[in-house]
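Secondary and tertiary structure notes
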Amino acid sequence: MLAERCACLMLASLRCYRFSLRLRSAVAGVTRRDGLFVVVGEGAQTGIGEVAVWPSFDGVSIEDVLAALHAWDGTTDARNKLPRALLWALECASRPFARSRVAVRSAVLIAPDDDAPFDARLREATVRRAPAVKLKVGRGARDIEHIARLRSALPTTELRLDANRALDVEAAYRLHEACRDFDVAYFEEPCATLADLAELARRGVKLALDESLLDAVRESSDAVREGSDAVREGSLELLEVFPTPEAFVIKPSLLGPSGLQEIVEFAQRRGVPCIVSSTFESRLGREALAEVAARIAPAAIHGLGTADFFAEDFDTDALQTANDIDAWLDALQAAGRITHPPRW
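Residues numbered from 1 in each chain as written. Predicted model: local features only at pLDDT ≥ 70, side-chain atom pairs only at ≥ 80, totals over all residues. Heavy atoms only, no water.

**Re the overall build of the chain**
- When helices and strands are tallied, the chain shows 14 helices and 12 strands.
- Residues counted as buried form 52% of the 344 residues belonging to the chain.
- Side-chain charges in the chain split into 42 positive and 52 negative, and the spacing between the mean points of these groups amounts to 4 Å. (Helix = DSSP H or I, 4+ residues; strand = E, 2+ residues; numbered from the N terminus. Buried < 20%, exposed > 50% of the residue type's maximum accessible area, 1.4 Å probe, protein only. Lys, Arg positive; Asp, Glu negative; His and termini not counted. Charge placed at Lys NZ, Arg CZ, Asp CG, Glu CD.)

What follows is the structure, given as structure tokens:
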């Protein structure tokens, strides 16, 4: 009863704001980053969180989140069925805001789409002396050229490859073999199924898991919702017998709070390092992720280097305590940078 009362009080004070930030270049076909700020409480008890969905990853859109939020009746049972991206924002907003000063190391992301020149990102990584670079591969015929140039320019930088499940087993293995002289730390999700990834692991490919973790959390949630005891494809039960990967790349904004806890505990049992990864959140969202990264793995090189992809972002310097949130939001609303969604 207490939990449901708290949920109803949260719903009664909840406010929602929509935003759309322009990116410097397309990322997986996306040119604007749409999101929501969710605000709970008043005065010194105000909290704020960000909803940062990525439909191609989890099939959830901003419209889905808004529909779920409008339909939520405040009960705990209904809350547990909300989209995980919304649950993450509510978790962040459920405690009074206090500006964090944590700093974590992060890799530079290079995603060489046609309108995101590889040369410019390589120069940035070189100037910054990046501790790690994450290079998107599987998008064209120039992967080996890009990898060779990266390694030549940054001979001691940790190099991570990410194919976002774009390759089949043989193509992924050929790329792995072609990179043997380039000291690649790991290959993140080169294939779309655990069976294919396990085959690569058997062939000696060092792997990191990302999308597979989201699949596992989703399958686990669906099984609980349906009351099923069956072991599902992609579930955590199957990950238990998967060869130990080099890293788990975790996206709190998509996993949600319970999914995040589940994966972190699973990683600790398996002895797998965790890398906290951005889903192209605004500066406010990235700062929340930095807190998670500092708590989970303070010495790791995380995947929060997405700020450079934004042509515009929110200045959060004025946000120091919970008492600053309303004025900050009022200023953004007056400038036309955030709006209340319809029916709100």
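So much for the structure itself; the text now carries on.
**Brief notes about unusual backbone geometry**
- A positive phi is found at Asn-164, a non-glycine position, where the angle reads about 50°.
- Take Asn-164: it is sitting in the loop between β7 (158-162) and α8 (169-178).
- Taking relative accessible area as the criterion, Asn-164 reaches 24% and is therefore assigned partly exposed.
- A positive phi angle, near 40°, is found at Glu-189, a position not held by glycine.
- Secondary-structure assignment places Glu-189 in the loop between β8 (184-188) and α9 (194-202).
- Judged by relative accessible area, Glu-189 falls into the buried class, the value being 0%.

**Focus: the pattern of salt bridges**
- The full count for this structure, using the stated rule, is 30 salt bridges.
- The salt bridge partner of Arg-18 is Glu-63, with a shortest N-O separation of 2.9 Å. Of the two residues, Arg-18 is situated in strand β1 (residues 15-27) and Glu-63 in helix α3 (residues 62-71); the sequence distance between them amounts to 45 residues.
- The partly exposed category is assigned to Arg-18, whose relative accessible area is 22%.
- Note on Glu-63: relative accessible area 45%, which makes it partly exposed.
- Between Arg-165 and Glu-189 there is a salt bridge whose closest N-O contact spans 3.1 Å. (Salt bridge = Lys/Arg side-chain N within 4 Å of Asp/Glu carboxyl O.)

**Observations regarding the packing of aromatic side chains**
- The full count for this structure, using the stated rule, is 8 aromatic pairs.
- Ring geometry for Phe-37 versus Trp-328: centroids 5.7 Å apart, planes at 50°, classification tilted. Taken as a pair, Phe-37 in strand β2 (residues 30-40) and Trp-328 in helix α14 (residues 325-334) lie far apart in primary sequence, 291 residues in all. Neither Phe-37 nor Trp-328 differs from the other in exposure class; each is buried.
- Joined through ring pairs, the aromatic side chains of Phe-19, Phe-37, Phe-314 and Trp-328 make up one cluster.
- Geometry around Tyr-173 places Arg-203 over its ring, the cationic atom sitting 5.0 Å from the centre. (Phe/Tyr/Trp six-rings, centres within 6.5 Å; stacked < 30°, edge-to-face > 60°. Lys NZ or Arg CZ within 6 Å of the ring centre and 35° of its normal.)

**Points about the pairing of β2**
- Note: β1 against β2, 9 bridges, orientation antiparallel. Its bridge partner lying in β2, Phe-19 is registered against Gly-35.
- Here β1 folds back onto β2 in antiparallel fashion, the turn holding 2 residues, of which Ala-28 has a positive phi close to 50°. (Pairing = 2+ DSSP bridges.)

**Structural notes on the nonpolar core**
- If you look at the biggest cluster of nonpolar residues, it comprises 83 residues, and the most contacted ones within it are Phe-37, Phe-187, Phe-248 and Ile-250.
- Ranked by the residues each element gives to this core, the list is headed by helix α12 (residues 252-270), at 7 residues.
- Excluding its chain neighbours within four sequence positions, the residues that come into contact with Ile-250 are Leu-213, Leu-255, Leu-260, Ile-263, Val-264, Cys-274, Ile-275, Val-276, Ser-277 and Ile-296.
- Residues Val-53, Trp-72, Leu-87 and Ala-89 belong to the second largest nonpolar core, which totals 21 residues. (Core = buried A, V, L, I, M, F, W, Y, C linked by side-chain atoms within 4.5 Å. Contact = heavy atoms within 4.5 Å.)

**Focus on helix α5 (residues 84-93)**
- For α5, a buried count of 8 out of 10 residues is recorded, marking the element as mostly surrounded by other parts of the structure.
- Every buried residue of α5 is listed here: Ala-85, Leu-86, Leu-87, Trp-88, Ala-89, Leu-90, Cys-92 and Ala-93.

**Some remarks on α8**
- Of the positions making up α8, those classed as buried are Val-169, Ala-171, Ala-172, Leu-175 and His-176.
- Each element contacted by the buried residues of α8 is listed here: α7 (143-153), β8 and α9.
- You can read the cap of α8 off the contacts: a side-chain oxygen lies 3.3 Å from the backbone nitrogen of Glu-170, and it is on Asp-168. (Polar contact = N/O pair within 3.5 Å; in protein donor to acceptor, adjacent residues only side chain to side chain.)

**Focus: the packing of α8 against α9**
- Their axes nearest at 10 Å, the elements α8 and α9 cross at an angle of 35°. Of the two elements, α8 crosses α9, and the hand of that crossing is right-handed. Along its contact with α8, which presents Val-169, Ala-172 and Tyr-173, the element α9 presents Asp-196, Glu-199 and Leu-200.
- A class-by-class count of the residues in the contact of α8 with α9 yields 4 nonpolar, no polar and 2 charged. (Axes fitted to C-alpha atoms, helices over the stretch in contact; angles between N-to-C directions. Left-handed = near helix turned anticlockwise from the far one by under 90°. Nonpolar A, V, L, I, M, F, W, Y, C, P; charged D, E, K, R; others polar.)

**Describing the pairing of strand β3 (residues 47-51)**
- Of all 5 residues in β3, 5 are buried, a share of seventy percent or more.
- Going residue by residue along β3, you find Gly-47, Gly-49 and Val-51 tucked away on one face and Ile-48 and Glu-50 tucked away on the opposite face as well.
- The pairing of β2 with β3 spans 5 bridges and is antiparallel. Across the sheet, Val-39 pairs through a bridge with Ile-48, a residue of β3.
- Counted along the chain from β2 to the antiparallel partner β3, the turn is 6 residues long, and its residue Gly-41 has a positive phi close to 90°.

**Some remarks on the sheet that holds β7**
- Taken together, the 7 strands give an open sheet; going across it, the order is β5-β6-β7-β8-β9-β10-β11, and neighbouring strands pair in parallel fashion. In this open sheet, the two edge strands, each paired with only one partner strand, are β5 (108-110) and β11 (274-276). Averaged over all pairs of adjacent strands, the angle between their axes in this sheet comes to 25°, without regard to strand direction.
- Where strand β6 (residues 132-136) meets β7, 5 bridges bridge the pair, whose relative direction is parallel.

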